[in-house]
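Commentary on secondary and tertiary structure
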There are 2 protein chains.
Amino acid sequence: MDMIRIFCPATVSNLSCGYDVLGLALEQVGEEMIIRKASDDQLTIRQTEGPEIPLDPAKNVAGVAARSLLDHLGIKEGFEIEIAKRIKPGSGIGSSAASASGAVWGINQLLGAPLSTMELLPHAMTGEAIASNAWHADNVAPCLLGGFVLIRSYDPLDVIQLSFPNDLALTIIHPHIEIKTAEARTLIGDKILLKNAVAQWGNLGGLIAGLASGDHDLISRSLVDHLAEPKRKHLIPGYDEMKSVALAAGALGFGISGSGPSVFALCKGMKKAEEVGEKLAASFSPLNIAFDLHCSRIHTEGIRIIP
Amino acid sequence: MDMIRIFCPATVSNLSCGYDVLGLALEQVGEEMIIRKASDDQLTIRQTEGPEIPLDPAKNVAGVAARSLLDHLGIKEGFEIEIAKRIKPGSGIGSSAASASGAVWGINQLLGAPLSTMELLPHAMTGEAIASNAWHADNVAPCLLGGFVLIRSYDPLDVIQLSFPNDLALTIIHPHIEIKTAEARTLIGDKILLKNAVAQWGNLGGLIAGLASGDHDLISRSLVDHLAEPKRKHLIPGYDEMKSVALAAGALGFGISGSGPSVFALCKGMKKAEEVGEKLAASFSPLNIAFDLHCSRIHTEGIRIIP
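Here's what I pulled together on the structure shown here.

How each quantity is defined
Residues numbered from 1 in each chain as written. Chains lettered and ligands numbered in written order. Predicted model: local features only at pLDDT ≥ 70, side-chain atom pairs only at ≥ 80, totals over all residues. Axes fitted to C-alpha atoms, helices over the stretch in contact; angles between N-to-C directions. Helix = DSSP H or I, 4+ residues; strand = E, 2+ residues; numbered from the N terminus. Left-handed = near helix turned anticlockwise from the far one by under 90°. Contact = placed C-beta atoms within 7 Å. Nonpolar A, V, L, I, M, F, W, Y, C, P; charged D, E, K, R; others polar. Pairing = 2+ DSSP bridges. Expected span 1.5 Å × (residues − 1). Buried ≥ 20, exposed ≤ 12 C-beta atoms within 10 Å, placed from the backbone. Least-squares fit on C-alpha atoms with pLDDT ≥ 70 in both.

Turning our eyes to something else, we now look at the packing of helix H2 (residues 95-110) of chain A against helix H3 (residues 117-132) of chain A. Residues and elements named next belong to chain A. Look at H2 against H3: their axes get within 8 Å of each other, and the N-to-C directions meet at 145 degrees. Where H2 crosses over H3, the handedness of that crossing is right-handed. For the pair H2 and H3, contact is made by Ser 96, Ala 97, Ala 100, Ser 101, Ala 103, Val 104, Trp 105 and Asn 108 and by Leu 120, His 123, Ala 124, Gly 127, Glu 128, Ala 131 and Ser 132, respectively. Class assignment for the residues of the contact of H2 with H3 results in eight nonpolar, six polar and one charged.

In structure tokens form, the structure reads like this:
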């Protein structure tokens, strides 16, 4: 196999109560990449669609991730990475993570899969880190592994695939405004109130228990953010109004996807997600800010080969 | 029914990664109470065994809990509460919680159970608060409900009964030294480092996922305390040595029970708990501090009527 064409899912991280530890993969939203073995030993990045990204492999998340993997394996071969950039950079639904993960996953496949998907994680994280200035796995892990994942520990890295009810679906609104991940992180600060931490881990525990037992009401009660939402929601125009609309329309929860500006509503069933999406779009439209709307199930597969 | 005799389980709270939100009930350790309807409208506390406790109902956790319940129900009847104090006060395995919970559970039974067990919680918490100076449910909730519980939220109070593998057992060492709960709490401080909070809730998530799926290895990896253990372990002589001994002997995890001084080892199976208990006793004995040793399964029932 000299060429592979793959789908790399967009991802939603944090999920209200799971700052830096929770993420899930989307089924209907993601980007496509084609990776080819090169005749020389160079890494080359090509882009076929979407907003312009750096093509210098040392400045491109896919290039940096690929280089990390190849150096780790001690492999001198070259690869051409062709990216159809369908997730807008800076959207908060894992654009960098999709490219970084796709590069290492695809190259690993072309090399005969010397590493497990779990072993690819640190290389994808290395790539993503140049975009976010942070060493985090809550987008690359669900992108690579699929499903709903928990980063139990960063040192050592320990990623758990969670059980969850198969009827969960999400609506995403991506307002076309810019929030830098690195700046959004500084809003949180280095210390938090113990009472907020206790409230946050109570909800995280409730969410994971609810996901495991298929208790949608518990999932809903647990989707509360005492940490990032109060500090970051003012960066997203119309946030409070959208949240009210989503919850009134029956969403299980509503929050910021990653560090924003995308927001998500978690719903029981695609029909409900689409209904919530229509109402969110109607709520957001009067602000005259361009936006994308996505509705998607949770993708159980992670990155996959496409024809 | 004019009299009820009950067993009120001892409880282990915090459980390394679940500060203020996790607790479990013990099957083989607890205290007995007899509650009788009185001929007058007075609350009376009597003690038949164990270290001396205040008998003034306004200063006794059982009395305060009972008064809170009776005032809530608008009931003018009196009760005699007889306590066989088998859990030593200040042990860190829920002595106050057992008395407070037993009082409200027993009186509620004698009144024909006007309230659900869940509805009794705030009254038991009110009683326990006079001993700990804190409004917390991580001992009274498992005492009343049994099993392994999560306090998802304190406001509103939302207690979740977690799934867990039925082979879990605990060894408890209670060194006879005094640690005041209120003082132990001040050691933690009002603010914590975000990185420690993230590590803590990653582990809490892992523990709940591991309990739900019966993954003992994940349970073991998740029993890590980034919050209280580093600040409190120096209050407990021989702590580091006991922890090493317990883990080397195959315990899934080892930590401080509540705010101490009791410590717990969580094990797979009673046989392992007993084996770990022997090694812990051998490790602690040279310190020449009196101690109690308990081995117990997790009690699934909560408070129960005994003959």
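Adjacent strands of a sheet form backbone hydrogen bonds with each other and so pair up, either parallel or antiparallel. Residue and element names in this part refer to chain A. A sheet is described by the order of its strands in space; here four strands give the open sequence S9-S10-S7-S11, paired in antiparallel fashion. Two strands bound the open sheet, and with one partner strand each, they are strand S9 (253-256) and strand S11 (291-297). Between one strand axis and the next, the sheet turns through 20 degrees on average, direction left out of account. As judged from the four bridges shared by S9 and strand S10 (residues 263-268), these two strands associate in the antiparallel manner. Residue pairing in the sheet places Phe 254 in a bridge with Ala 265 of S10. Of the strands in this sheet, strand S7 (168-175), S10 and S11 are in contact with helix H10 (residues 270-284), which crosses S7 at around 20 degrees.

Bringing the pairing of strand S1 (residues 3-13) of chain B into the picture now. Residue and element names in this part refer to chain B. Where S1 lies against strand S2 (residues 22-37), 10 bridges are found, and the strand directions are antiparallel. Considered in S2, the bridge of Thr 11 is made with Ala 25. Note that S1 and strand S12 (residues 304-305) share two bridges and pair antiparallel. Across the sheet, residue Phe 7 finds its bridge partner in S12, namely Arg 304.

Let's shift gears to helix H1 (residues 61-73) of chain B. Residues and elements named next belong to chain B. Along its 13 residues, H1 runs 18 Å from first to last C-alpha, staying within 8% of the 18 Å computed at 1.5 Å per residue. Along H1, the residues classified as buried are Val 61, Ala 62, Gly 63, Val 64, Ala 65, Ala 66, Ser 68, Leu 69 and Leu 70. Tucked into the core, H1 has its buried residues touching strand S3 (43-49), strand S4 (79-84), helix H2 (95-110) and helix H3 (117-132). A positive phi of about 65 degrees marks Gly 74, the residue just after H1.

Let us look at the relation of the copies chain A and chain B. Once turned by 180 degrees and shifted 0.0 Å along the axis, chain A lies on chain B with an RMSD of 0.0 Å. Such a combination of rotation and displacement between the chain copies is what one expects of a two-fold axis. A symmetric contact is evident, with 100% of the interface residues of chain A recurring at the interface of chain B.

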